[in-house]
Amino acid sequence: MTTVIESLFFWKLWFFCCNNSATLQTTPSKPPKMFKENEGMFPRIHKFAPRKKVGMLLLCAVSLAVFLWVLFIDKGEDSQERIPSISNRLFPEAGQKDNYTNIESVERTNVGQSASTVQPPPPPVYFKGYTLPPGNPCESFTLPPPPADKKRTGPRPCPVCYLPVEQAIALMPDAPSFSPGVSNLTYIHEENSGKPDFGGYPSLMQRNDSYDVRESMSVHCGFVKGIKPGHQTGFEIDDSDLHEMESCRGVVVASAIFGAFDLIRQPKNISEYAKNNVCFHMFVDEQTEVFLRNSSELDGTMRIGLWRIAIVHNLPYDDPRRNGKVPKLLLHRLFPNARYSLWIDAKLELVVDPYQILERFLWRKNASFAISRHYRRFDVFVEAEANKAASKFDNASIDFQVEFYKKEGLTPYSAAKLPITSDVPEGCVVVREHIPVSNLFACLWFNEVDRFTPRDQISFAIVRDKIMSKTNWTVNMFLDCERRNFVVQGYHRDILEHWASPPPPGATEIVHPPPPVADETLQTLGNVKTSSSVTDPLKNVPSKRGRDRKSKRHRKVIGSLDP
């Protein structure tokens, strides 16, 4: 802008000078008095220029020179103002360096302020339980006294207050429960170890280390031969079934039949929502598969009612009881994305919706692991002696296991263990949430079964107590009569088939069924029903009368053991 104004000024001066020069040429008179010789050189130029008739050209040349000079000077100043802004960043001088450093420090300060103003990630959200609203019938529910029937001394169901299915579904937690003690649990993989064991058989040092509960842990938990459970690990499952199991992200109901030992029993009283959202999986071996196909129960759909049948190949153990402990205790490995699981033995028939069971025994109690206590025994040492008396396993192995636990500090149950109400579970039903601490408990419980005897009722208490000594985690051990409210206990297939067959022709003696154990003899007469019904498991079994019935009742006490 300055250059334009100055240029206009000099053009105007040039025009003024040219007009004065023309005036001097046309006037022959003497120069006016204002132009005196002693006033400077400029009047002298005007005095001689007209005489040589070059005044016009001289003034134009001078004006042009002045104009170019002013234009050049102004342009140089503008260039000097622009150049430092670039060169200062490339070659800063002393003063310029300080200025740039100040700018840089301001930028760094702004970055620090912006980082400090960024909100930290919110803490993880956990499910913390709830209380039922006042006036809810289950809020003030109490167990009634047992019926005064001296003739019925065996185990029986008792009333349980379930919420309606819709309410139970609505109360399903959106967040997992807090896992005390351990938040990151991984599993040991020993593909090249050369050990044939499915469980890896950890050393005593590794076993002791696994009970040192800490935030991040890596433990043996079966399937040690392969990275993916069920794939080249022993207890191998077809890829289509594995994919289906991985896609289950909610609730799992699982059971297993090995050796065609049981019949498949269909769940009852299941809501449509549960039918569409709960994964019902039944694990069977190849022998059971052949039996199911020969009986026309299993077809190409690999479904029998609600159950999806998963065929298991290459079973890791010769003992069917040990093989059954794999899906029972390691469901979190077979269903890695599931949140909750309900395990029921194949001899049981589920008669209550899974969501009602989860609400009653987990969510309402703010628990992550629930199992019923034994209906009669609550001491491990008594349980061990009963197992030996019933020949449930090799007596020497049972004695060795009990003595080992005694050296680790296991003591007989007493009131000093309260609020723990029992050391012996009724292990045919397991209700659990898949969080690290409950998964850890299941892994360590399985390791004890793998190391010692398959009688998991003997090893339950030592694992529970060791974890409880390191954390504030506990197990919800509910009454066995409450378990009998949502599952109906039946008989194994061989007993049912034996009862169903008529006596041989010409036989003179009546063939009696083998005596059932006490906790398999379930009678539901007089049962108080809540929101679900409990059926009589013996209604389809032909009853005996007279002397035969008395003989059966007399022999019922012989083997009062959990099978």
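Sequence positions are assigned chain by chain, starting from 1 and proceeding in written order. Two thresholds apply to this predicted model, a pLDDT of at least 70 for residue-level local features and 80 or more for giving and counting side-chain atom pairs, whereas whole-chain, interface and lining totals are computed over all residues. For side-chain calculations, the full set of non-hydrogen atoms in the structure is used, while hydrogens and water are omitted.

Engineer: Which residues make up the pattern of salt bridges, and what values do they have?
Structural biologist: The term salt bridge refers to a side-chain nitrogen of Lys or Arg lying within 4 Å of a carboxyl oxygen of Asp or Glu. Counted according to the given criterion, the structure contains 25 salt bridges. For Arg464, the salt bridge identified is with Asp465, shortest N-O distance 3.0 Å. In this scheme, a residue with accessible area under 20% of its type's maximum is buried, one over 50% is exposed, and one in between is partly exposed, where area comes from a 1.4 Å probe on protein chains only. By relative accessible area, which is 2% here, Arg464 ends up buried. A single salt-bridge network, built from bridges that share partners, covers Arg207, Glu408, Glu448 and Lys466.

Engineer: Could you give me a rundown of the packing of aromatic side chains, with the residues and numbers involved?
Structural biologist: Pairing of aromatic side chains requires ring centres within 6.5 Å, counting the rings of Phe and Tyr and the six-membered ring of Trp. Pairs whose planes differ by under 30 degrees are stacked, by over 60 edge-to-face, and all others tilted. Per the stated rule, a full pass over the model turns up 26 aromatic pairs. Between Tyr126 and Phe178, the aromatic rings sit 5.2 Å apart at their centres with planes inclined by 75°, giving edge-to-face as the arrangement. Of this pair, Tyr126 sits in the loop between α4 (94–117) and α5 (165–170) while Phe178 sits in the loop between α5 and β1 (184–187), and the two are 52 residues apart along the sequence. Taking the relative accessible area as the measure of exposure, Tyr126 reaches 33% and is therefore partly exposed. Clustering of aromatic rings is evident, with ring pairs tying together Phe369, Phe441, Trp445, Phe460 and Trp473. Each helix corresponds to a stretch of at least 4 residues labelled H or I by DSSP, and each strand to a stretch of at least 2 residues labelled E; elements are numbered beginning at the N terminus.

Engineer: Hey, could you go over helix α10 (residues 320–329) for me, with residue numbers and the actual values?
Structural biologist: Taken across its 10 residues, α10 has eight buried, putting it largely inside the fold. For α10, the N-terminal cap is Asp319; the gap from its side-chain oxygen to the backbone nitrogen of Arg321 is 3.0 Å. By the criterion applied in these results, polar contacts are pairs of N or O atoms within 3.5 Å in which, for protein atoms, one can donate a hydrogen and the other can accept it, and in which residues neighboring in sequence qualify only through two side-chain atoms.

Engineer: Quick rundown of the packing of helix α13 (residues 380–389) against helix α14 (residues 395–407)? Include the residues and the values.
Structural biologist: Orientation is described by axes fitted as lines to C-alpha atoms, over the contacting stretch for helices, and by angles from 0 to 180 degrees between their N-to-C directions. Close contact between α13 and α14 brings their axes to 9 Å; oriented N to C, the two are set at 170°. As far as their axial angle goes, α14 and α13 are roughly antiparallel. In contact with Phe381, Ala384, Asn387 and Lys388 of α13, α14 contributes Asn395, Ile398, Asp399, Val402 and Lys406. Taken together, the residues of the contact of α13 with α14 sort by class into four nonpolar, two polar and three charged. In this scheme, roughly parallel covers angles under 35 degrees and roughly antiparallel covers those over 145, while 65 to 115 is roughly perpendicular and the rest are oblique. It only takes one pair of heavy atoms within 4.5 Å for two residues to be counted as in contact. Three categories are distinguished: nonpolar for Ala, Val, Leu, Ile, Met, Phe, Trp, Tyr, Cys and Pro, charged for Asp, Glu, Lys and Arg, and polar for the others, with Gly belonging to the last.

Engineer: Lay out the confidence of the model for the chain in plain terms, naming residues and giving numbers.
Structural biologist: As a per-residue quantity, pLDDT reports the predictor's confidence and falls between 0 and 100. For the chain, per-residue confidence averages 78 on the pLDDT scale, and 66% of positions sit at 70 or higher. Across residues 77–111 the pLDDT falls below 50, and counting only partners more than four positions away or on other chains, this stretch makes six contacts in the model. Note on residues 503–563: pLDDT under 50 across the span, and 115 contacts to partners over four residues away in sequence or across chains.

Engineer: Got a sec to walk through the environment of His434? Specific residues and values, please.
Structural biologist: Tracing the sequence through the fold places His434 in the loop between β11 (425–433) and α15 (436–451). Separated by 255 residues in the primary sequence, His434 and Ser179 place their C-alpha atoms 9.9 Å from one another. Residues within four places of His434 in sequence aside, it is in contact with Leu331, His332, Phe335, Ala338, Arg339, Tyr340, Ser341 and Asn439. Separated by 3.4 Å, the side chain of His434 and the backbone oxygen of Ala338 make a polar contact. Polar contacts involving the side chain of His434 include one to the side chain of Ser341, which spans 2.8 Å.

Engineer: Can you tell me about the environment of Ser216, naming the residues and giving the values?
Structural biologist: Examined against the element boundaries, Ser216 turns out to sit in strand β2 (residues 216–219). For the pair Ser216 and Leu185, spaced 31 residues apart in the sequence, the C-alpha separation amounts to 6.0 Å. One polar contact links Ser216 to Asn184, side chain to side chain, over a distance of 3.2 Å.

Engineer: Give a detailed account of the state of the cysteines, specifying residues and quantitative values.
Structural biologist: Note on disulfides: each one is a pair of cysteine sulfur atoms within 2.5 Å. Considering all chains together, one arrives at four disulfides under this definition. Through a disulfide, Cys248 is tied to Cys279; the S-S separation comes to 2.2 Å. Its S-S torsion of about 115° marks the bond between Cys248 and Cys279 as right-handed, since a negative value means left-handed. Here the residue Cys248 occupies a position in the loop between α7 (239–246) and β4 (251–257), and Cys279 occupies one in strand β5 (residues 279–285), the gap between them amounting to 31 residues. No difference in accessibility class separates Cys248 from Cys279, as the two residues are buried. Of note for the chain: the bonded cysteines, numbered N- to C-terminal, pair according to 1-3, 2-8, 4-7, 5-6.

Engineer: Just give me the short version of the packing of α15 against helix α16 (residues 456–468), but keep the residues and values in it.
Structural biologist: Where α15 meets α16, the axes come as close as 9 Å, and the angle between the chain directions of the two elements is 135°. The pairing of α15 with α16 is recorded here as oblique in orientation. Taken as a pair, α15 and α16 cross one another with a handedness that is right-handed. For the pair α15 and α16, contact is made by Val437, Leu440, Phe441, Leu444, Trp445, Glu448 and Val449 and by Asp456, Ser459, Phe460, Val463, Arg464 and Ile467, respectively. Whether a crossing is left-handed or right-handed is set by the direction in which the near helix is turned from the far one by less than a right angle, anticlockwise for left-handed and clockwise for right-handed.

Engineer: Describe in detail unusual backbone geometry, supporting the description with residues and values.
Structural biologist: Following Leu418, the chain continues into Pro419 via a peptide bond in cis, with omega recorded as 15°. Position of Pro419 relative to the elements: it lies in the loop between α14 and β11. Within the chain, Met302 stands out as a residue other than glycine whose phi angle is a positive 60°. In this fold, Met302 is placed in the loop between α9 (286–294) and β6 (303–304).

Engineer: Summarise the pairing of β11; cite the residues concerned and give the values.
Structural biologist: Judged by how many residues are buried, β11 sits mostly within the fold: nine of nine residues are covered. Where strand β8 (residues 340–344) meets β11, five bridges bridge the pair, whose relative direction is antiparallel. Of the residues in β11, the one forming a bridge with Tyr340 is Glu433. Of the strand pairs in this sheet, strand β10 (residues 369–373) and β11 are connected by five bridges, and their pairing is antiparallel. Its bridge partner being in β11, Ser372 is matched across the sheet by Glu426. A pair of strands is labelled paired if DSSP reports no fewer than 2 bridges between them.

Engineer: Give me the lowdown on the side chain of Asp480, citing residues and values where you can.
Structural biologist: Within the secondary structure, Asp480 sits in helix α17 (residues 480–486). A relative accessible area of 5% places Asp480 in the buried class. A polar contact is formed between the side chain of Asp480 and the side chain of Arg483, at a distance of 2.8 Å. Within the structure, Asp480 has its side chain in polar contact with the side chain of Arg484 (distance 2.7 Å). Beyond its immediate sequence surroundings of up to four residues, Asp480 is in contact with Pro155, Ser372, Arg373, His374, Tyr375 and Glu426.

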